[in-house]
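# Per-entry structural report
One letter stands for each residue in the lines below.
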Amino acid sequence: MSTEPNALCFGQEFPASGAPSLVYVEAHGLTVTFVSDTSGRRSEVASFSDLTVLAGGQDHDQLVLKWTGAQGERTIYLKNPDMIRAFRQAAPDHMADPLERAVERVRQVRHRRRMVWSAVGGVALAFMLGLWFGADLLVELAVARIPVEWEQKLGQSAYKDFLAQQEIMKEGLTVSAVDEMTHRLTAQIPDNPYKFEVTVVKSDVVNAFALPGGYIVVFTGLMKKAGNGEEVAGVMSHELNHVLQRHGLERIVKQLGLVAVVSIILGDQQGLVSLARQLGVELLTLKFSRAQETEADLTGLQLLYRAKIDPSGMISFFQRLSEKDEGRMEWFSTHPMSQGRAERLKAELVAMPKLAPVPFTFEWAKVRESLGVQPAPVP
Amino acid sequence: MKGEILYPGAFPMVRIELAAGEHIKAESGAMVASSPTIDIESKMEGGFLGALSRKLLTGEKFFFQTLRASRGPGEVLLAPTVPGEIVIMELDGVNEYLVQKDGFLAGAESVSIESKMQSLSRGLMGGEGFFILRISGKGMLILNSFGAIHKIELKPDQEYIVDNSHLVAWSATTSYNIEKAASGWVASFTSGEGFVCRFRGPGVVYIQSRNPGSFGNWIRQFIPVSE
Ligand SMILES: [Zn+2]
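My aim in this report is to walk through the structure given alongside it, one point at a time. In this text, all values refer to a predicted model and were calculated from it rather than measured experimentally. (Residues numbered from 1 in each chain as written. Chains lettered and ligands numbered in written order. Predicted model: local features only at pLDDT ≥ 70, side-chain atom pairs only at ≥ 80, totals over all residues. Heavy atoms only, no water.)

### Some details on the sheet that holds strand E10 (residues 208-211) of chain A
Residue and element names in this part refer to chain A. Strand order in the open sheet formed by four strands is E8-E9-E11-E10, and the pairing between neighbours is mixed. The open sheet has two edge strands, strand E8 (168-169) and E10, and neither has a second partner. Judged from the five bridges that link them, strand E9 (residues 197-201) and strand E11 (residues 215-219) form a sheet pairing that is parallel. Within E11, the residue paired with Val198 across the bridge is Ile216. On top of the sheet, helix H4 (residues 148-164) reaches E8, E9, E10 and E11; it is set at about 30° to E11, its chief contact. (Pairing = 2+ DSSP bridges. Helix = DSSP H or I, 4+ residues; strand = E, 2+ residues; numbered from the N terminus. Contact = heavy atoms within 4.5 Å. Axes fitted to C-alpha atoms, helices over the stretch in contact; angles between N-to-C directions.)

### Describing the packing of aromatic side chains
For the coordinates displayed, the defined rule picks out 17 aromatic pairs over all chains. With centroids separated by 5.1 Å and ring planes inclined at 80°, the aromatic side chains of Phe162 of chain A and Phe209 of chain A adopt a geometry described as edge-to-face. Of the two residues, Phe162 of chain A is situated in helix H4 and Phe209 of chain A in strand E10; the sequence distance between them amounts to 47 residues. By the burial criterion, Phe162 of chain A is buried, and Phe209 of chain A matches it. A network of ring pairs unites the aromatic residues Phe146, Phe215, Trp218 and Phe222 of chain B as a single cluster. (Phe/Tyr/Trp six-rings, centres within 6.5 Å; stacked < 30°, edge-to-face > 60°. Buried < 20%, exposed > 50% of the residue type's maximum accessible area, 1.4 Å probe, protein only.)

### Re the layout of surface pockets
Of the volumes computed, that of the second largest pocket is approximately 690 Å³. Taken together, 27 residues line the second largest pocket, and the ones lying closest to its centre are Asp59, Asp61, Gln62, Val106 and Arg110 of chain A. Elements that contribute at least two residues to the lining of the second largest pocket include exactly strand E6 (62-69), helix H1 (81-90) and helix H2 (93-132) of chain A together with strand E11 (111-117) of chain B. In terms of residue count, the dominant contributor to the lining of the second largest pocket is H2 of chain A (10 residues). Taken together, the residues of the lining of the second largest pocket sort by class into 12 nonpolar, three polar and 12 charged. (1 Å grid on protein atoms, 1.4 Å probe; cavity = no way out; pocket = protein on both sides within 12 Å on 5 of 7 lines; lining within 4 Å. Points joined across faces, edges and corners; volume = space filled by probe spheres on them. Nonpolar A, V, L, I, M, F, W, Y, C, P; charged D, E, K, R; others polar.)

Below, the structure written as structure tokens:
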């Protein structure tokens, strides 16, 4: 038999954490040997008739034996299942009664706990299934609980990582033109919780994208393709509205599914940010849904209208993109086309009261020239 | 394996000497410095999904780090995130402790650490989250607290009442009931007074002299609210 301690013994002279001891179950009762005793191994004996049997400890699954011996009150805690079994076999039948009751109670507690947790798991699973089958309401509920600061943290890290590998346009006609558009648009957003940052990146990619938290990138390729400033402003208004409607977050929450919902519900939003990173959710290639595109188009149109920027620029730019050329693929890779996008916007615009647009202060031809586009007439 | 607390008080570190081949499990992010002979393994116990669900349900750090003296003997310096005391305990093989998740700093390889699911009511009201750590085995266990750490010794059937957010660790031989601190359950939920645990001995209960939640609330009043 092992000489490792298998029980804790409590008594007046022992430390509060108990004395490690070795319990043997014998025909008459117990022998308890205190193994930490430096003055040789001291043993005490208790017969079954002296013992009070209880269940105790954190989960009421430890066998507690109490008696008053020659050395005072003793309490033994046994948790080793083999020891508990040995005691039940050796102890007289009447002693087994309280023990059986205690064992039964532990079983019930465990069973109840398992039931409760299964129910919790079921609810979580229902949430996941709900998400899976497109219950957008749940996504929105979850997204609404994420503070803007977390969103900014998430977007900012992707934004910095991306810009670190790009050639950024810091000044010049293009940058001041983009700044003017940003100003005109953001001035018309009531209760804007975001501090928008717009960066122009030198690249022939015909695209622009918005990261959660208000970080927007416009490629010079898109500006070269645009026929006037209003077209670029139309794209920017669309991007700003992806941010304002929190489309990026909705996509992330949808992609992460259960994981995100559970963590948000449990209030662990920081966890979501690191999870998104650890799971390698590529913010930059996050593809919006068609419904989100339509929403960004429509709210973008309204924003242009409020900013007194001619909204027909947005429409003509989308028409330009749907013509057959290599640039369209880049835009549609992250902003999926919805059928009759330009037509829908046109219809929307007709329904709005007539607008007297205020032109931009820059000359678009000069901006294009500064980008190296020949001042040829735009088709 | 030898542990020594440096700079005892509010800002301590612990130095652990490892013989060649020995390793310890530490809270991820606890390592401050080490000899070049020490390798860090961030093993995800229970695989990726296990680690993920643990992370989600416990808010626990994604993994424990294993610090292994794989290239000869060496030492590591570990420190907790929050200011507060560190205690080194020697587990005797029979004593078992339940530790709230922020209380664990490091443990010897022979110490077993498992996440234990609480009952739902304890999880909701106990303040230690839905999971706590059950730590058993034989060898060195290092705990840390927010503020000073205080040991309460309970004889059999002796009772003591502890505010649950001050709990660090307690023996598995104790038992406790959660009680309301204020005069009604609704009052407890709304007053922020929280809940208390009525512990019953035998065993020891380690408590911390500061409440992380209250400290957070106190700090918050000085943080300007952005518009
Ligand atoms: Zn879009």
